[in-house]
Amino acid sequence: MNLEKVIFGFFIVLAATLNFGFFVGDIDNPQHHDIYELFFAIVVSLIATVLKLGDRTQIGAVHLSTSLVADLQLIAAAMVWGYAAHISADGLTPEMVARIVSLSGGALFANVVSVIILIAETIMQRR
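Because the structure is a prediction, the values reported are computed rather than measured. (Residues numbered from 1 in each chain as written. Predicted model: local features only at pLDDT ≥ 70, side-chain atom pairs only at ≥ 80, totals over all residues. Heavy atoms only, no water.)

Student: Outline the environment of Ser114, supporting the account with residue identities and numerical values.
Tutor: In this structure, Ser114 sits in helix 4 (residues 94-124). In this structure Ser114 touches Ile12, Lys52, His63 and Thr66, once residues within four positions along its chain are discounted. (Helix = DSSP H or I, 4+ residues; strand = E, 2+ residues; numbered from the N terminus. Contact = heavy atoms within 4.5 Å.)

Student: Describe in detail a nonpolar patch on the surface, supporting the description with residues and values.
Tutor: Taken together, the side chains of Met1, Leu3, Val6, Ile7, Ile35, Tyr36, Phe39, Phe40, Val43, Ile47 and Leu51 make up a nonpolar region of the molecular surface, amounting to roughly 1,100 Å² of accessible area. Of all the secondary-structure elements, those providing two or more residues to the nonpolar patch are helix 1 (3-23) and helix 2 (35-52). Looking at the element boundaries, Val6 is found in helix 1. (Patch = residues over 30% accessible without salt bridge, like charges linked within 9 Å, V, L, I, M, F, W, Y side chains within 5 Å. Areas by Shrake-Rupley, 256 points an atom, 1.4 Å probe, with all protein chains shown as cover. Salt bridge = Lys/Arg side-chain N within 4 Å of Asp/Glu carboxyl O.)

Student: Can you tell me about the packing of helix 1 against helix 2, naming the residues and giving the values?
Tutor: Between helix 1 and helix 2, the least distance of the axes is 8 Å, while the angle of their chain directions is 155°. Classified by the angle their axes make, helix 1 and helix 2 are roughly antiparallel. For the pair helix 1 and helix 2, the sense of crossing is left-handed. Here Ile7, Phe8, Phe11, Ile12, Leu14, Ala15, Leu18, Asn19, Gly21 and Phe22 of helix 1 come into contact with helix 2, specifically with Glu37, Leu38, Phe40, Ala41, Val44, Ser45, Ile47, Ala48, Leu51 and Lys52. Among the residues making up the contact of helix 1 with helix 2, the classes are represented as 15 nonpolar, three polar and two charged. (Axes fitted to C-alpha atoms, helices over the stretch in contact; angles between N-to-C directions. Parallel < 35°, antiparallel > 145°, perpendicular 65-115°, else oblique. Left-handed = near helix turned anticlockwise from the far one by under 90°. Nonpolar A, V, L, I, M, F, W, Y, C, P; charged D, E, K, R; others polar.)

Student: Go over the packing of helix 3 (residues 58-86) against helix 4, please, and point to the residues and values.
Tutor: Where helix 3 meets helix 4, the axes come as close as 8 Å, and the angle between the chain directions of the two elements is 165°. In terms of orientation, helix 3 lies roughly antiparallel with respect to helix 4. Classified by chirality, the crossing of helix 4 by helix 3 is left-handed.

Student: Outline the UniProt feature "transmembrane region" (unreviewed entry) in the chain, listing residues and values.
Tutor: In the numbering adopted here, UniProt assigns the feature "transmembrane region" (unreviewed entry) to residues 7-24, 36-54, 61-84 and 96-120. Helix makes up 94% of residues 7-24 and strand 0%, and the two end C-alpha atoms of the span are 26 Å apart. Regarding residues 61-84, the helix share stands at 100% and the strand share at 0%, and the terminal C-alpha atoms are separated by 34 Å. (UniProt positions renumbered as here; feature names shortened; annotations may be inferred.)

Student: Quick one: what's the story with the layout of surface pockets, residue by residue and with numbers?
Tutor: Considering only enclosed or pocket space, the largest pocket measures out at about 460 Å³ in volume. Together, 16 residues line the largest pocket, and Glu4, Lys5, Phe8, Leu118 and Glu121 are the ones closest to its centre. If you list the elements that add at least two residues to the lining of the largest pocket, you get helix 1, helix 2, helix 3 and helix 4. For the lining of the largest pocket, the leading source of residues is helix 1, giving five residues. For the lining of the largest pocket, a count of residues per class yields four nonpolar, seven polar and five charged. (1 Å grid on protein atoms, 1.4 Å probe; cavity = no way out; pocket = protein on both sides within 12 Å on 5 of 7 lines; lining within 4 Å. Points joined across faces, edges and corners; volume = space filled by probe spheres on them.)

Okay, here's the thing in structure tokens:
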């Protein structure tokens, strides 16, 4: 068993599951979406991105691009949350929560694509 591949797969799947955990719930209900879970989803997604930087194959490039998309959307979701909570006069309204969750949904889709690529790559490898 290759420990490097285990760590790589672990962070890819963990990024997807944390993102999914944040995404699930009523789209406009802030009580169903925890800010700390969004924070951890961003941190783990950034770690997964760093792990993908070393791969110079075509599949590695697609892995990296999906990770960059997820990072961008999660960071945008955090920025919208910060704006709503600290700058906006209306505060964290259901509309703002819906925007945040929608952005995390885009990141979730990118993470799912990354997991599918990981599975396909694993199936294609020969011993």
